[in-house]
Amino acid sequence: MELSRLNKLLEFIKNEPDDEFLKYALATEYLRLNETDKALAYYEDLVNNHPGYVGTYYHLGKLYEALNRKDDAIKTYETGMKVTKEKRDNHAFSELQAVYRQAMGFEEDDDDY
């Protein structure tokens, strides 16, 4: 059953190889199946070839963190914040800002001073 969803997505992407939603869906599915190398390849493809697909930055950053690639995660969050700010996507910006601050080691209470 798990592979049937993956197989369907792979069939779809054959017909639309540049579809950003399908790439995102494949990255997410591969991540769910613990195939991190394939997930990483799709997420990186998205940020390189579809930089306006804002949902990618959060998930790619989190994957980098899971792979102990903290510097890459921080750079990804920074880029994502820039893109979301330009697109005026305040919700995505605030999510990225929160994980960025966490990755940088800022505590939630730091704003109180």
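Just so it is clear, the structure is predicted and the values come from calculations on it, not from any experiment.

Right, let's talk about the pattern of salt bridges for a bit. For the structure on display, the rule yields 10 salt bridges. A salt bridge links Glu44 to Arg69, with the nearest nitrogen and oxygen atoms 3.9 Å apart. Placement of the pair is Glu44 in helix H3 (residues 36-49) and Arg69 in the loop between helix H4 (55-66) and helix H5 (70-86), with a sequence separation of 25 residues. On the basis of relative accessible area, Arg69 is assigned to the partly exposed category, the value being 31%. Among the charged side chains, a salt-bridge network with shared partners connects Arg5, Glu29 and Arg32.

Turning next to the nonpolar core. Grouped together as the largest cluster of nonpolar side chains are 31 residues, with contacts concentrated most on Leu26, Tyr43, Leu60 and Tyr77. Listing elements by their share of this core, those giving two or more residues are helix H1 (2-15), helix H2 (20-32), H3, H4, H5 and helix H6 (90-104). Ranked by residues supplied to this core, first place goes to H2 with six residues. Beyond its immediate chain neighbours, meaning those up to four positions away, Tyr77 contacts Tyr57, Tyr58, Gly61, Lys62, Glu65, Leu96, Val99, Tyr100 and Ala103.

All right, on to the UniProt feature "repeat: TPR" (unreviewed entry) in the protein then. Within the UniProt annotation, "repeat: TPR" (unreviewed entry) is assigned to residues 54-87. Spanning residues 54-87, this segment combines 85% helix with 0% strand, and its end C-alpha atoms are found 9 Å apart.

For the rest of this paragraph, the subject is unusual backbone geometry. In the Ramachandran plot, Asn34 falls in the positive-phi region, its phi being about 60 degrees despite a non-glycine side chain. Taking relative accessible area as the criterion, Asn34 reaches 65% and is therefore assigned exposed. In the Ramachandran plot, Asn68 falls in the positive-phi region, its phi being about 60 degrees despite a non-glycine side chain. With respect to the element layout, Asn68 can be found in the loop between H4 and H5. On the accessibility criterion, Asn68 (71% relative accessible area) is exposed.

Rules of the game
- Residues numbered from 1 in each chain as written.
- Predicted model: local features only at pLDDT ≥ 70, side-chain atom pairs only at ≥ 80, totals over all residues.
- Heavy atoms only, no water.
- Salt bridge = Lys/Arg side-chain N within 4 Å of Asp/Glu carboxyl O.
- Helix = DSSP H or I, 4+ residues; strand = E, 2+ residues; numbered from the N terminus.
- Buried < 20%, exposed > 50% of the residue type's maximum accessible area, 1.4 Å probe, protein only.
- Core = buried A, V, L, I, M, F, W, Y, C linked by side-chain atoms within 4.5 Å.
- Contact = heavy atoms within 4.5 Å.
- UniProt positions renumbered as here; feature names shortened; annotations may be inferred.

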